[in-house]
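Structural overview
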Amino acid sequence: MTKFIALTFLLFSSNFIFSQKNKTKTTETPKPFVLGVIDEIQSKELNEKRILNIYLPEGYNPAEDTKYPVIYLLDGSADEDFIHISGLVQFNSFEWINQVPKSIVVGIATVDRRRDFTFPTTVENDKTRFPTTGHSDQFIAFIEKELQPFIEKKYKTNDSKTIIGQSLGGLLGTEILLKKPTLFNKYVIVSPSLWWNNGSLLDLDSEMLKENFTQPTEIYIAVGKEGLAPTAIPHVMEVDANLLAEKLKESKSKNVKVYFDYFPEENHGSILHTAVSNSFKFFYPHI
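The following paragraphs examine the structure supplied in this document. (Residues numbered from 1 in each chain as written. Predicted model: local features only at pLDDT ≥ 70, side-chain atom pairs only at ≥ 80, totals over all residues. Heavy atoms only, no water.)

**Focus on the packing of helix H5 (residues 136–154) against helix H6 (residues 168–179)**
Heads up, the condition is: Comment: axis = line fitted to C-alpha atoms, over the contacting stretch for helices; angle = value between 0 and 180 degrees taken between N-to-C directions. Numbering goes from the N terminus for both helices and strands, where a helix is a DSSP run of H or I of at least four residues and a strand is a run of E of at least two. We call two directions roughly parallel when the angle between them is under 35 degrees, roughly antiparallel when it is over 145, roughly perpendicular when it lies between 65 and 115, and oblique otherwise. Handedness of each helix crossing follows the sense of rotation of the near helix against the far helix: counterclockwise by less than a right angle gives left-handed, clockwise gives right-handed. For this analysis, residues touch if any pair of their heavy atoms sits within 4.5 Å.
For the pair H5 and H6, the least separation of the axes is 11 Å and the interaxial angle reads 70°. Judged by the inter-axis angle, H5 sits roughly perpendicular to H6. As for the relative orientation of H5 and H6, their crossing is right-handed in sense. Counted together, Ser136, Phe139, Ile140 and Ile143 of H5 and Leu172, Glu175 and Ile176 of H6 form the full contact between these two elements.

**A few points about the packing of aromatic side chains**
Rule in force here: Within 6.5 Å between ring centres, the rings of Phe, Tyr and Trp (the latter by its six-membered ring) count as paired, and their orientation is classed by plane angle as stacked under 30 degrees, edge-to-face over 60, tilted in between. Exposure classes here rest on a 1.4 Å probe applied to the protein chains alone. A residue is buried below 20% of its type maximum, exposed above 50%, and partly exposed in between.
On inspection of all chains with the given rule, the structure shows 13 aromatic pairs. Consider the rings of Tyr72 and Phe184, whose centres lie 5.6 Å apart with planes at 70°: the pair is edge-to-face. Here Phe184 lies in the loop between H6 and strand S6 (186–190) and Tyr72 lies in strand S3 (residues 68–73), a separation of 112 residues in the sequence. There is no split in this pair, since Tyr72 and Phe184 are both buried. Aromatic side chains Phe139 and Phe142 sit 5.6 Å apart centroid to centroid with 50° between the ring planes, which places their arrangement in the tilted category. Taken as a pair, Phe139 and Phe142 lie in helix H5 at a separation of three residues, close to a single helical turn. We classify Phe142 as buried; its relative accessible area is 0%.

Structure (structure tokens):
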């Protein structure tokens, strides 16, 4: 009887100790899940410090010679589009998917998108509603003179440069495309706010429309079922996006390729993820 009680006590003690060990394990401090790095750049063009969220592909090693394409993402804050776009890039670069080459994603965190993504407007109502607007020239100078050189110096990059912009970001992407087309060689323009300044960008001439434009440039334009823009003069988002695509398709340069995508099942808020995924199939059809 004494042996039975001793054995029972021993088993109980062992279970108690084992459960305490398990409990200790489950209460250990969790480790952070790291998606990328946060970098920053002091901009003279913008007179402010800008935060950059950066996704580095699997296997990235600054000590090695391998260089990667760079995808510049407007609205690239952690609570905007950085996480889901980086996820798309990672997924599509898995070796069993192999849709996109392993790439660096540079998310440019937003400070004032109405200031940074719009050029001056003649529409008085928009000047009143959005008093900080009209400084896209400074933001484009920041990209050209500061951001791209900073990324190319600090990270292992090749010559492939993509920009992704939606809504006002799509307006900025269109402005860069028409005014400084060589800044990027791949453009993802989604639901662009081409209604800005009564659609004046659609009337802009550009060197990329001329026969002697030599840089290979691929442009993906997408729009959802979005309807009327917030303007006094009626502008339909789908129509404006289609007009942009048709304008670009008339380029006399053989180096310009344009693809237009329409998503009737998506709206202005939901379209970006699907559009970016489709853009990869346009850019890399035979990877």
